[in-house]
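Structural overview
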Amino acid sequence: MWRNDTTLGYVYRRMSAAESEMPLRQDLTASVVVFLVALPLCLGIALASGAPLIAGLVAGVVGGAVVALVSDSEVSVSGPAAGLTVIVASAITTLGSYEAFLAAVVIAGVVQLVFGALRLGVFGDYVPSSVIKGLLAAIGIVIVLKQIPHALGRDFDFEGEMAFLEPDGKENTLSAIVKAVLSFRGAAVLVTAAALGVLLTWDQVTKRFPRLKVLPAALVAVLAGTALNELFALLWPGFALEASAGHLVSLPVPESLQAVWDGLRAPDWGALKTQQVYVTGITLAVVASVESLLSLEASEKLDPYRRYASPHRELFAQGLGNIASGLLGGLPVTSVVVRTSANVQAGGRTRRSALAHAALLALAAVLLPRILNHVPLSALAAVLIVVGVKLAPVKLFKEMWAEGPITFAPFIATVVAIVFTDLLKGVMIGLAFGVLVVLRANRHAAMTLVSQDRYHLLRFNKDLTFLNKAELKAKLDTIPEGATLIVDGTRALTLDRDIFDVLADFEATAAFRNITVEEKNLRGKRPAR
């Protein structure tokens, strides 16, 4: 059904009753895929941030449970974000301890609650759809580029890093791919090929054997890759991918439930006496909120039912998530495009998939580490490569090109900027590019100049500001000597003071050139002083 919301000013789609009664199996199978994608991301981001590995899992569980329960979004999945790693690593060093940093995470959550109460979620409404589509396409390209080294067996970088420059500062995305090609591992290539083979043919297999539809393609692909590597280890030990070289998932193995609980950290409330902890908290809140709002916009584009989710409520949900994560010793959380896209591509349609993935992460931390530590990163890379390709299909680029330069320019600028910088910088560059394109297009449509014999009509088609000064001067410079110029402001409601200044300067010199200037409907449109 469609719901009209006059207070929000637009129409959005809610799930029909039939859609809301989707089988639980569809969400559960999607949750397994999201879990497999999120697991190495949580561990890798914790490692890159200089935080305990368990902190990444805590953030993944909180993001999948607390945020999913409170947020309006049915498909968005939250957790630790790669985009915050630099801020987190720097903050831990500056504040002197991880426990002091946890106090800053709690502060960030409180600030986000304030953001939600002040209804600051409207920021997302000012991001053009071309930039959001560029964001999704860029994320897809970055996922593919970042996973190619893992697919080839070069696992020096952690999973989830989205910036073009690698963490060591000596490599970038492209140089890492080149080095991976030159030093590939045969076992990794075969594992990746096996997993990709399953992903690309599973639909045909399930058509022939319908009972197999209960198994998600990504899960079967990971199992196939893992089984193949175990076979290598059995028959050809020197050829197999080994954990000691970092080619397998690496989960800490606790001795007991008590050991897991003892591994959690608590905030150092004494850090609240220092100013830096508040600066860190506010910084985290701002960056995490922007990333979450952008991800929320992207999730609405990915959702096949195009359901609307309140951005104000999303900020509130993220705030509660960060408070809970900080109290439990976890990293800050945001809504994450990679996990959200994996969720939708795997068939997730309600928040049950996010909740189930959180439960799987919690179980993995306690019961399954020994089993999961046999999964090759190259098998997970195959799953992510397919997700990335689906986010950035050639068809999308053709569609955006067909819509013209005003749409295509900010789209491609966002794609290129994100691929060669990082997510936040890329979106900001895309937004700036979009504003420039729109300003340029509007500038040419702001006024028209026509002539017949010695009569010239300059018509203002809409309100003019200082941005239109250059075009106005250019058009006035074309008026020849002895002409009569009629300036018509009928279609404009207001005209910037700068526009009147340009007209006044022109009239002052027009007398020397024998030009007659007549004004029509300009009075009363000058802004009040």
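Reading guide: rules and limits
- Residues numbered from 1 in each chain as written.
- Predicted model: local features only at pLDDT ≥ 70, side-chain atom pairs only at ≥ 80, totals over all residues.
- Heavy atoms only, no water.
- Helix = DSSP H or I, 4+ residues; strand = E, 2+ residues; numbered from the N terminus.
- Buried < 20%, exposed > 50% of the residue type's maximum accessible area, 1.4 Å probe, protein only.
- Contact = heavy atoms within 4.5 Å.
- Polar contact = N/O pair within 3.5 Å; in protein donor to acceptor, adjacent residues only side chain to side chain.
- pLDDT = per-residue confidence, 0-100.
- Pairing = 2+ DSSP bridges.
- Axes fitted to C-alpha atoms, helices over the stretch in contact; angles between N-to-C directions.
- Phe/Tyr/Trp six-rings, centres within 6.5 Å; stacked < 30°, edge-to-face > 60°.
- Lys NZ or Arg CZ within 6 Å of the ring centre and 35° of its normal.
- Parallel < 35°, antiparallel > 145°, perpendicular 65-115°, else oblique.
- Left-handed = near helix turned anticlockwise from the far one by under 90°.

Side note on the environment of E518
With respect to the helices, strands and loops of the structure, E518 is situated in strand 8 (residues 516-520). For E518, a relative accessible area of 39% translates into the label partly exposed. As for E518 and I486, which are separated by 32 residues in sequence, their C-alpha atoms are 4.7 Å apart. For E518, the contacting residues outside a window of four places in its chain are T484, L485, I486 and V487.

Details of the side chain of D488
Tracing the sequence through the fold places D488 in strand 7 (residues 484-488). A relative accessible area of 5% places D488 in the buried class. Polar side-chain contacts of D488 include one of 2.5 Å to the side chain of T490. Apart from the residues lying within four places of it in its own chain, the contact partners of D488 are L457, L458, R459, F460, K520 and N521.

So, the confidence of the model for the protein chain
Interpretation of this model should avoid reading the predicted coordinates in detail wherever pLDDT is low. Averaged over all residues, the pLDDT of the protein chain equals 86, while 92% of them reach at least 70. Taken together, the stretch residues 1-20 has pLDDT below 50 and engages in 31 contacts with residues farther than four places along the chain or on a different chain.

Describing the sheet that holds strand 8
Judged by pairing direction, the sheet is mixed, and its 4 strands sit side by side in the order 5-6-7-8 without closing on themselves. Edge strands, defined here as strands with exactly one partner in the open sheet, are strand 5 (447-452) and strand 8. Between one strand axis and the next, the sheet turns by 15 degrees as a mean value, whatever way the strands run. For strand 6 (residues 455-460) and strand 7, the ladder comprises 5 bridges, and the chain directions are parallel. Counterpart to H456 in the pairing with strand 7 is L485. Strand contacts of helix 21 (residues 497-510): strand 6, strand 7 and strand 8, with the helix running at about 150 degrees to strand 8, the strand carrying the most contacts.

Re the packing of aromatic side chains
How two aromatic rings sit relative to each other is given by the distance of their centres and the angle of their planes. Per the stated rule, a full pass over the model turns up 7 aromatic pairs. Between Y98 and F101 the ring centres are 6.0 Å apart and the planes differ by 35 degrees, which places this aromatic pair in the tilted class. Here F101 and Y98 lie together in helix 5 (residues 98-117), a separation of 3 residues that amounts to about one turn. Y98 sits in the buried class, given a relative accessible area of 5%. Between F164 and F420, the aromatic rings sit 5.1 Å apart at their centres with planes inclined by 55 degrees, giving tilted as the arrangement. On the criterion of sequence distance, the pair formed by F164 in the loop between helix 6 (129-151) and helix 7 (173-182) and F420 in helix 18 (residues 405-420) is long-range, its members being 256 residues apart. Given a relative accessible area of 13%, F164 falls into the buried group. By relative accessible area, which is 44% here, F420 ends up partly exposed. An aromatic cluster is built from F397, W401, F408 and F411, whose rings are joined through pairwise contacts. Taking the ring centre of Y455 as reference, the NZ or CZ of R454 above it sits at 4.8 Å.

Comments concerning the packing of helix 6 against helix 17 (residues 394-402)
Interaxial distance between helix 6 and helix 17 falls to 11 Å at its minimum, and their mutual angle equals 155 degrees. Classified by the angle between their axes, helix 6 and helix 17 sit roughly antiparallel to one another. Of the two elements, helix 6 crosses helix 17, and the hand of that crossing is left-handed. Between helix 6 and helix 17, the contacting residues are S130, K133, A137 and I141 on the first element and L396, F397 and M400 on the second.

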